[in-house]
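A look at the structure
As a plain string of letters, each chain reads:
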Amino acid sequence: AREGYMALRVQCSYRQYVARKAYAKRVAAAWEVYNRNQAALQIQCRQRQRTARRVYELVWEAHQRDQAALAIQCSYLQYAARQIYTARMTAAWDEFNTQAAASVVVQCAWRQHLSRQLY
């Protein structure tokens, strides 16, 4: 009986040993998978960060270009407004001078007429 008990004990110990080895292998494999997944996630995260940073840079560059274009448009509109103002002022001044000259001519003619009447 003692020999049978010892044989069972040896079998049981061996099975426990085999089970511990199998468990250790499964745990090691699980850790390996976990570590691989973590590395892959870190790579994806870095790629997404780079992509997000690049998108932000592109949006910022587009914003800067839009601001520059708006500044150019604004400068052009100011230039055009000055040109229109100058043209209108010149036209108004020319009209004033024309009217003033016509008035002087009329006054001159009237004075000549009056002076002829007096003689």
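To start, this report covers the structure provided alongside it. Since we're looking at a predicted model, the values are computed, not measured. (Residues numbered from 1 in each chain as written. Predicted model: local features only at pLDDT ≥ 70, side-chain atom pairs only at ≥ 80, totals over all residues. Heavy atoms only, no water.)

1. Brief notes about the overall build of the protein chain
Within the protein chain one finds one helix and zero strands. Over its C-alpha trace the protein chain gives a radius of gyration of 51 Å, far above what one expects of a compact globule, namely 14 Å for 119 residues. Its C-alpha atoms put the protein chain at 175 × 15 × 5 Å along the principal axes. Looking at the protein chain residue by residue over its 119 residues, the buried ones come to 0%. Carbon and sulfur atoms provide 61% of the accessible area of the protein chain, an area that totals close to 11300 Å². When the 18 basic and 7 acidic side-chain charges of the protein chain are each reduced to a single mean position, those positions are 16 Å apart. (Helix = DSSP H or I, 4+ residues; strand = E, 2+ residues; numbered from the N terminus. Rg over C-alpha atoms; globule rule 2.2 N^0.38 Å. Buried < 20%, exposed > 50% of the residue type's maximum accessible area, 1.4 Å probe, protein only. Areas by Shrake-Rupley, 256 points an atom, 1.4 Å probe, with all protein chains shown as cover. Lys, Arg positive; Asp, Glu negative; His and termini not counted. Charge placed at Lys NZ, Arg CZ, Asp CG, Glu CD.)

2. Remarks on a nonpolar patch on the surface
Nonpolar side chains collect at one region of the surface, where Tyr14, Tyr17 and Val18 lie side by side and expose about 320 Å² of accessible area between them. Considering the arrangement of structural elements, one finds valine 18 in helix H1 (residues 2-118). Valine 18 sits in the partly exposed class, given a relative accessible area of 39%. (Patch = residues over 30% accessible without salt bridge, like charges linked within 9 Å, V, L, I, M, F, W, Y side chains within 5 Å. Salt bridge = Lys/Arg side-chain N within 4 Å of Asp/Glu carboxyl O.)

3. Some points on the environment of glutamine 38
As for its position among the elements, glutamine 38 is in helix H1. Residue classification places glutamine 38 among the partly exposed positions, given a relative accessible area of 30%. Spatially, the C-alpha atom of glutamine 38 lies 75 Å from that of methionine 89, the residues being 51 residues apart in sequence.

4. A few points about the pattern of salt bridges
Counted by the stated rule, this structure contains three salt bridges. Between glutamate 32 and arginine 36 there is a salt bridge whose closest N-O contact spans 3.0 Å. Taken together, the residues span about one helical turn, with glutamate 32 and arginine 36 both in helix H1 at a distance of four residues. Ionic pairing is found between glutamate 61 and arginine 54, a salt bridge with its closest N-O pair at 3.9 Å. On the basis of relative accessible area, arginine 54 is assigned to the partly exposed category, the value being 41%. Here the residues in one salt-bridge network are Arg54, Glu57 and Glu61, joined through shared partners.

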